[in-house]
Amino acid sequence: MKILVTAKRVPDPEQKVKVQGDAIDLSGMNFVVNPFDEYAVEAALRLKESSGAVDEIVVLTIGSKDVTQQLRSCLAMGADRGILVEGDDDSLDSEQTARIIKAVYERESPDLLLMGKQAVDGDNNQVAQLVAGKLDLPQACFAGQLELEGDASAITVGREIDGGMEFKKVPLPSVVTVDLRIVMPTAVKTAGSKDNQEYAEGPRYASLKGIMQAKKKKIDEISVGDLGVELEQWVKTTSVETPPSRSAGIKVESVDELVDKLQNEAKVL
Amino acid sequence: MLVKPFLDESHELFRESCTRFAEREIKPYAYEWEEAEGFPRELYFKAAKAGILGASMPEAYGGGGGDVLHGLVMTESLLRGGSSGVVAGLGSLNIALPVLLVLADEEQKQRFIPPVLRGEQIAALGVTEPGAGSDVSGLRLRARRDGDDYVLSGSKTFITSGAVADIVVTLARTGDHPHDGLTFFVVETAAKGFSASKRLKKTGWRASDTAELSYDDVRVPVRNRLGDEGSGFRAVMQTFQGERLGLAAFGHGSAEIALDEAMRYAREREAFGRPLAGHQVTRHKLAEMATEVTVAKAFNYLVARRVADGAYLPREVSMAKNFSSSVAQRVCYEAVQIFGGMGYMRETLVERLARDVRLLPIGGGTQEIMNEVISKMLPLR
Ligand SMILES: Cc1cc2nc3c(=O)[nH]c(=O)nc-3n(C[C@H](O)[C@H](O)[C@H](O)COP(=O)(O)OP(=O)(O)OC[C@H]3O[C@@H](n4cnc5c(N)ncnc54)[C@H](O)[C@@H]3O)c2cc1C
């Protein structure tokens, strides 16, 4: 079985955002792998380690040559091979991204396309759904739990919903996106999982050994042209405005005054 | 970044892993562990699992196969967790195991190194004694041969991780010659007659355990002797380079954090109607601090790069240690000054750093001993 994982480079969400004119100033920014994509890589590694059914984990990214570093860090975690589709990751919209991923999917024909539920820069949460639609594949988004069948013919996806978990069993191949909970200690199971097998919470660290091994792993570089994908811009930015700055709040003297203000000024009661 | 030419992608990726580890596994508990004067043993396991413990040790024994620069990057990044003591404690294996790499035979390396790199055992280096520190030739702890054993008696002091260690790589006297009478042994702390005092109370490095060790006729099998009798002093000299570069990295790493903290505070804190950074005195002070940190760091990277490439540079390594530790004193002192009263409070990171860096011109060869090494290599005669 082969798993294709997508990984996007995003500005490190821990750092302070600098705004230049009407856009975010990306110069001097530190970049990291989109956290949800990193969770997808972790989930793929857990599937591979416990099932014995996964032969290869391939990580796909779209971006400039600089993105190789983020790809390398996924390989250092333990993924087997990388694919870099050269493109401008800043200006791609969801539709364009989905077209590229579809084309790579068709070249690789994996058994599972595993993606982060969204990238934390644009927060669009659209790409996986678009890809599944284009490929006419089953989709299960926001996985908080995964359980792979023994014969790798299907995967059961647990999704958090109001008041509990919903479980969906989808045949493979299919498209699955992961949510934060997928990196909890017992979130990923396979027929080969030992009872009470627990992982450390969170995505694993790239060890120095893994980093050294990753140097030798293959990264295929492909251009959009090679894939035969047409990329007209679907989404155009017409204007960007900062939200109005918030005015200072007020202190009320009593509960009565609060109720009065909520009723008559804010009109929320 | 100025030091980029000395690094490759593997160092950058490793920095990411170490920084994350520090953020997640150390920072939230740093204050607590410093106050408690210790940290949980579990952290060794976690660091081992993350592939951070022993990153610079050879792969053949379970290490990461990294070079001196990976070690330097690791020290810098782990210090970001806010506890020098934790970094020193986790790092005691980096001063103990190199002795084995130099002296031990293959069987000994396979027996002792992998369990330490898996985080299952803790290793310490025992050289200093109550009666001898800088002057290693004055060591008195005796190892007397008795059949297939040696019997060790004497004491060691100021030993990092001494109270928690499972093995202490101990330098003992097997002959009367001041230098050629010294031999290393791996002493298992479970052995009868071995005991560690309670942790010594210190100015800084509080989360690390520093202990006095007592050897009361401890029997050590011959197979735990490292190298031939009399080979100890040479090994000390060979492994100093790594230890001293490590402490040099502690210096610029701590100073850099203090500088970052001071700059943040100078932007946020207001006095006389403007931020501290709006006062020229403060700005210039920060400019000097930044200059010193940049120069110390660049020199440390340069020397580390050369050492990683196989050079033997005792003079430059001593210079790196001395320069970096004196920069650390000044920068951390001034950072406290910029924080004012807040800089004197235990909850403030720069307060801790200022105490921690005081160790740097003392441990691993004092400032004066470093100057002795340097001056011997100057054309003065
Ligand atoms: C926190 C901490 C952790 C440590 N961890 C370890 C460890 O893990 N393992 C270990 O073996 N040791 C360890 N040490 C010991 C450390 O290496 C020694 O303290 C150091 O080498 C100095 O030795 P000393 O304390 O005996 O000082 P001394 O040698 O007594 O020196 C006292 C003073 O005299 C000066 N002096 C000595 N000789 C000369 C000279 N020839 N010319 C001019 N001045 C001179 C020194 O520079 C110093 O200022 C640790 C120490 C500390 C504080």
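These numbers were taken from a predicted model, which means no experiment stands behind them.

Trainee: Looking at this model, I keep getting lost on the overall build of chain B. Mind explaining?
Mentor: A count of helices and strands for chain B gives 12 helices and 10 strands. By the compact-globule yardstick of 21 Å for 381 residues, chain B fits well, its C-alpha radius of gyration being 21 Å. C-alpha atoms of chain B, sized along the principal axes, occupy 80 × 50 × 40 Å. A separation threshold of at least 6 residues defines the contact pool for chain B, and within that pool the share at least 24 residues apart is 76%. Put simply, chain B shows about 16300 Å² of open surface, and 53% of that area lies on carbon and sulfur atoms. Taking the average place of the 47 positive charges on the side chains of chain B and the average place of its 49 negative ones, the gap between the two points comes to 3 Å.

Trainee: It is not clear to me how the interface of chain B and chain A should be interpreted in this structure. Could you clarify?
Mentor: Interface size is commonly expressed as the accessible surface area that is lost when the partners come together. The interface of chain B with chain A comprises 21 residues on the first partner and 16 residues on the second. Summing both partners gives a buried area of about 1700 Å² for chain B against chain A, and 55% of it is carried by carbon and sulfur. For the interface between chain B and chain A, the tally reads three salt bridges. Between R72(A) and E9(B) there is a salt bridge; the shortest N-O distance is 3.4 Å. Applying the counting criterion to the chain B and chain A interface returns four residue pairs in polar contact (both at pLDDT 80 or more). Here the side of chain B that touches chain A takes 11 residues from helix α1 (residues 9-26) of chain B, the largest share from any one element.

Trainee: Help me out: how do you make sense of the side chain of T75(B) in this one?
Mentor: Tracing the chain through its elements places T75(B) in helix α4 (residues 68-79). Ignoring anything within four residues of it in the chain, the contact list for T75(B) reads V87(B), G246(B), A249(B) and F250(B).

Trainee: It is not clear to me how the nonpolar core should be interpreted in this structure. Could you clarify?
Mentor: If you look at soluble globular proteins, the nonpolar side chains tend to sit buried side by side. If you look at the biggest cluster of nonpolar residues, it comprises 146 residues, and the most contacted ones within it are L114(A), L146(A), I155(A), I182(A) and F184(B). Ranked by the residues each element gives to this core, the list is headed by helix α8 (residues 232-268) of chain B, at 15 residues. Listed in part, the 25 residues of the second largest apolar core include I100(A), V131(A), V175(A) and L227(A).

Trainee: What should I look at first to understand unusual backbone geometry in this one?
Mentor: What is expected of a backbone is that most residues other than glycine have negative phi and most peptide bonds are trans. The residue after L172(A), namely P173(A), is reached through a cis peptide bond having omega 0 degrees. When you line up the elements, P173(A) lands in the loop between β11 (164-171) and β12 (174-178). The phi angle at N196(A) is positive, at roughly 50 degrees, despite the residue not being glycine. The residue N196(A) is located in the loop between β13 (188-190) and α5 (208-214) in this model. With a phi close to 55 degrees, E37(B) is a non-glycine residue in the positive phi region. Positionally, E37(B) belongs in the loop between α2 (30-36) and α3 (42-49). Given the relative accessible area of 17%, E37(B) is considered buried.

Trainee: Sorry, what's going on with the environment of S56(B) here?
Mentor: Residues and elements named next belong to chain B. Here S56 shows up in the loop between α3 and α4. On the basis of relative accessibility, which here comes to 25%, the residue S56 falls in the partly exposed class. Sequence separation between S56 and R142 is 86 residues, and the spatial gap between their C-alpha atoms is 32 Å. S56 has contacts with G66, D67, H70 and G71, leaving out every residue within four places of it along the chain.

Trainee: Is there a simple way to explain the site of the ligand in this structure?
Mentor: Residue and element names in this part refer to chain B. Around the ligand lies a shell of 16 residues, among which T128, S134, F158, T366 and E368 are the nearest. Taking E368, its side chain carries an N or O atom lying 2.6 Å from an oxygen atom of the ligand. Relative to its unbound accessible area of 970 Å², the ligand is 62% covered by the protein chains. Where the shell around the ligand is concerned, the elements lending two or more residues are β3 (149-160) and α12 (367-376). Per-element tally for the shell around the ligand: the top contributor is β3, with three residues. A breakdown of the residues in the shell around the ligand according to their chemical character gives eight nonpolar, six polar and two charged. When residues are assigned to domains, the shell around the ligand turns out to be shared by domain 2 (123-229) and domain 3 (234-376), each giving three or more.

Trainee: Sorry if this is basic, but what is going on with the packing of aromatic side chains here?
Mentor: Geometry of an aromatic ring pair is reported as the spacing of the ring centres plus the angle between the planes. All names here are of chain B. Tallied over the entire structure, the rule returns nine aromatic pairs over all chains. Note on F194 and Y215: the rings are 5.2 Å apart at their centroids and 85 degrees apart in plane angle, and the pair reads as edge-to-face. Residue F194 is located in strand β6 (residues 194-196), and its partner Y215 is located in strand β7 (residues 210-221); the two are separated by 21 residues in the primary sequence. As far as the burial class goes, F194 and Y215 line up, both buried. Ring geometry for W205 against F250: centres 5.3 Å apart, planes inclined by 35 degrees, an arrangement best described as tilted. Remark: F250 occurs in helix α8 and W205 occurs in the loop between β6 and β7; sequence separation between them is 45 residues. Across the pair, exposure class does not vary: W205 and F250 are buried alike.

Trainee: Sorry, what's going on with the environment of S64(A) here?
Mentor: All names here are of chain A. Note on placement: S64 falls in the loop between β6 (56-63) and α2 (68-77). Relative accessible area serves as the criterion here: at 29%, S64 is assigned to the partly exposed category. For the pair formed by S64 and G116, sequence separation is 52 residues and the distance between their alpha carbons is 20 Å. Apart from residues lying up to four places away in sequence, S64 is in contact with R9, L84, G87 and D89.

Rules used throughout
- Residues numbered from 1 in each chain as written.
- Chains lettered and ligands numbered in written order.
- Predicted model: local features only at pLDDT ≥ 70, side-chain atom pairs only at ≥ 80, totals over all residues.
- Heavy atoms only, no water.
- Helix = DSSP H or I, 4+ residues; strand = E, 2+ residues; numbered from the N terminus.
- Rg over C-alpha atoms; globule rule 2.2 N^0.38 Å.
- Contact = heavy atoms within 4.5 Å.
- Areas by Shrake-Rupley, 256 points an atom, 1.4 Å probe, with all protein chains shown as cover.
- Lys, Arg positive; Asp, Glu negative; His and termini not counted.
- Charge placed at Lys NZ, Arg CZ, Asp CG, Glu CD.
- Buried area = accessible area lost by both parts, 1.4 Å probe.
- Salt bridge = Lys/Arg side-chain N within 4 Å of Asp/Glu carboxyl O.
- Polar contact = N/O pair within 3.5 Å; in protein donor to acceptor, adjacent residues only side chain to side chain.
- Core = buried A, V, L, I, M, F, W, Y, C linked by side-chain atoms within 4.5 Å.
- Buried < 20%, exposed > 50% of the residue type's maximum accessible area, 1.4 Å probe, protein only.
- Near = heavy atom within 4 Å.
- Nonpolar A, V, L, I, M, F, W, Y, C, P; charged D, E, K, R; others polar.
- Domains from an automatic or database assignment.
- Phe/Tyr/Trp six-rings, centres within 6.5 Å; stacked < 30°, edge-to-face > 60°.

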